[in-house]
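The lines below spell out each chain.
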Amino acid sequence: MTPEPALDRYDVVVVGGGAAGLSAAVVLARAGRAVLVVDAGEHRNASAEAVHGLLALDGVRPADLISRGRDEVHAYGGEVVHGRVVSAGRAPDGFSVVLEGGAVVPSRRLLVATGLVDELPDVPGVRARWGRDVLHCPYCHGHEVRGRAIGVLATGPEAVHQALVFRQWSPDVVLLRHSAAPPTDAEREQLEARDVVVVEGHVDGLVTEDDRLVGVRLASGELMARDVVAVSPRGIAQVGSLTSLGLATTDRGSCVVLEADARGRTTVPGVWAAGNVVDPAAQVVGAAAAGAQVGAALNTDLVDDDVARAVDARRRNILSTR
């Protein structure tokens, strides 16, 4: 059951407690805002061994990073609860957020930082190895698999580019054509120039020994030895519980993301967004940076609202004394 929030009303409820949500919450809490982070604990990178490319924290475990982030939110007076937002709607002074378990939380603003769900290729073994030796981001994991035998599982047009990028880290990269269309003549020339072999045929599954990947089984029955398989999952923004707010999403083919402007404002006034839910390519460092920027912009929005309320109250007070 979701713990009961400590306050009767918040300036901001942050839905999602990954790098973006926690970073925004720290900024807002440091600004003296009453902040509640609601996090279900289902983070996109949970299965990865480590976070890379994060300055001064390279190699930190994802769970440790989240734990440190929660501690920082608490240190500045913010609140983090484990649970889910099941619905949210308009209220006279902002929003009414309903948590799993029935608690209703009033909030002036909402920040959506729920991230994405990765739709993985329907190939036996892919999901079980995801985040270990089935990877997607070369900048997150390329250094760790450098020089190893890499197979790029092609399920769409982005596979050729992915194979050419992974070639930067290893001389042994093959493109497993699987369900993708054949490469164009220009793409074949690029692949050949970089010694990336195109392997025809459907991939029936991944093969492991002693809990490590040893290859892929082709439909022909052939076992192709591979240490690593790269995939390009389709990312879907996790906004199901907030659909009643009328948030707009955009289908880009390879992903479905929440619509937001450069400052993080969505199409619904008072609702902001940050992280992978709007930018699927953002690594942890980018998501955290976006959270900090959106947190500052959101606080400015609240400052403007505070000033407007103060001016209105002053005018009413002057009128009442005349």
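In this text the structure is predicted, and so the values were computed from the model without any measurement.

**A closer look at the side chain of Asp118**
In step 1: Its place among the elements puts Asp118 in strand E7 (residues 116–119).
In step 2: Sequence-distant contacts of Asp118, that is, excluding residues within four places in its chain, are made with Arg44, Arg127, Trp130, Pro233, Arg234 and Gly235.

**Observations regarding the domain arrangement of the chain**
In step 1: According to the domain assignment, the chain consists of domain 1 (10–117 + 235–320) and domain 2 (121–230).
In step 2: Computed from C-alpha atoms alone, the centre-to-centre distance between domain 1 and domain 2 is 35 Å.
In step 3: Between domain 1 and domain 2, the contact holds 7 residues from the first and 8 residues from the second.
In step 4: Both sides together, the interface formed by domain 1 and domain 2 hides about 580 Å², and carbon and sulfur atoms give 50% of it.
In step 5: When the area that domain 1 buries against domain 2 is broken down by residue, the three leading residues are Ser47, His52 and Gln283, summing to 66%.

**Focus on the sheet that holds strand E15 (residues 228–230)**
In step 1: One open sheet holds the 5 strands; their spatial order is E8-E15-E9-E10-E11, and the pairing between them is parallel. The sheet terminates laterally at strand E8 (134–135) and strand E11 (197–199), the two strands that pair on one side only.
In step 2: Summarising the sheet, strand E9 (residues 150–153) and E15 pair through 3 bridges and their orientation is parallel. Bridge pairing links Gly151 to Val229 in E15.
In step 3: In this fold helix H5 (residues 159–166) packs onto E9, strand E10 (173–176) and E15, with an angle of close to 170 degrees to the strand it touches most, E10.

**Describing the pattern of salt bridges**
In step 1: Taken as a whole and assessed by the stated rule, the structure comprises 21 salt bridges.
In step 2: Of the charged contacts, one joins Asp306 and Arg108 as a salt bridge, the two residues approaching to 2.8 Å between their closest N and O atoms. Here Asp306, found in helix H7 (residues 284–320), pairs with Arg108, found in strand E6 (residues 104–112); they are 198 residues apart in sequence, far enough to count as distant.
In step 3: Overall, Asp306 belongs to the partly exposed group, its relative accessible area being 30%.
In step 4: Residues Arg226 and Asp172 are paired through a salt bridge, measuring 3.1 Å at the closest nitrogen-oxygen approach. Of this pair, Arg226 sits in the loop between strand E14 (223–225) and E15 while Asp172 sits in the loop between H5 and E10, placing them 54 residues apart in sequence.
In step 5: The buried category is assigned to Arg226, whose relative accessible area is 7%.
In step 6: Salt bridges here are not isolated pairs; linked through shared partners, they connect Arg9, Asp11, Arg33, Asp93, Arg108, Asp305, Asp306 and Arg309.

**Structural notes on the packing of aromatic side chains**
Two aromatic rings are characterised by how far apart their centres lie and by the angle between their planes.
In step 1: Taken as a whole and judged by the stated rule, the model has 1 aromatic pair.
In step 2: Relative to Trp169, the ring of Tyr139 has its centre 5.6 Å away and its plane inclined at 85 degrees; by these criteria the two rings are edge-to-face. With Tyr139 in helix H4 (residues 138–141) and Trp169 in the loop between H5 and E10, this residue pair connects regions lying 30 residues apart in the sequence.
In step 3: A relative accessible area of 54% places Tyr139 in the exposed class.

**A closer look at the sheet that holds strand E18 (residues 255–258)**
In step 1: Taken in spatial order, the 4 strands of this open sheet run E7-E16-E18-E17, and their pairing is mixed. In this open sheet, the two strands that pair with only one neighbour each are E7 and strand E17 (249–251). Across the sheet, the axes of successive neighbouring strands diverge by a mean angle of 25 degrees, strand direction being ignored.
In step 2: Note: strand E16 (residues 234–237) against E18, 2 bridges, orientation parallel. Within the sheet, the bridge partner assigned to Gly235 lies in E18 and is Cys255.

**Regarding the pairing of strand E2 (residues 35–39)**
In step 1: In terms of burial, E2 is largely enclosed, as 5 of its 5 residues are buried.
In step 2: Direction of pairing for strand E1 (residues 10–15) relative to E2: parallel, over a ladder of 4 bridges. Paired with Val14 across the bridge in E2 is Val37.
In step 3: Assessed by its sense of winding, the connection that carries the chain from E1 through helix H1 (residues 19–30) to E2 is right-handed.
In step 4: Alignment of E2 against strand E3 (residues 79–82), held across 4 bridges, turns out to be parallel. In the sheet register, Leu36 faces E3, and the bridge partner there is Glu79.

**Looking at the UniProt feature "domain: FAD/NAD(P)-binding" (unreviewed entry) in the chain**
In step 1: Under the UniProt annotation, "domain: FAD/NAD(P)-binding" (unreviewed entry) lies at residues 10–289.
In step 2: End C-alpha atoms of residues 10–289 are separated by 23 Å, and the span's content is 20% helix alongside 31% strand.

**Things to note about the environment of Thr321**
In step 1: Within the secondary structure, Thr321 is located in the segment after H7.
In step 2: You can call Thr321 exposed: its relative accessible area is 60%.
In step 3: Looking at Thr321, its side chain comes within polar contact range of the main-chain oxygen of Ile318, at 2.9 Å.

Cut-offs and rules
- Residues numbered from 1 in each chain as written.
- Predicted model: local features only at pLDDT ≥ 70, side-chain atom pairs only at ≥ 80, totals over all residues.
- Heavy atoms only, no water.
- Helix = DSSP H or I, 4+ residues; strand = E, 2+ residues; numbered from the N terminus.
- Contact = heavy atoms within 4.5 Å.
- Domains from an automatic or database assignment.
- Buried area = accessible area lost by both parts, 1.4 Å probe.
- Pairing = 2+ DSSP bridges.
- Axes fitted to C-alpha atoms, helices over the stretch in contact; angles between N-to-C directions.
- Salt bridge = Lys/Arg side-chain N within 4 Å of Asp/Glu carboxyl O.
- Buried < 20%, exposed > 50% of the residue type's maximum accessible area, 1.4 Å probe, protein only.
- Phe/Tyr/Trp six-rings, centres within 6.5 Å; stacked < 30°, edge-to-face > 60°.
- Right-handed = clockwise from strand over helix to strand, strands pointing away.
- UniProt positions renumbered as here; feature names shortened; annotations may be inferred.
- Polar contact = N/O pair within 3.5 Å; in protein donor to acceptor, adjacent residues only side chain to side chain.

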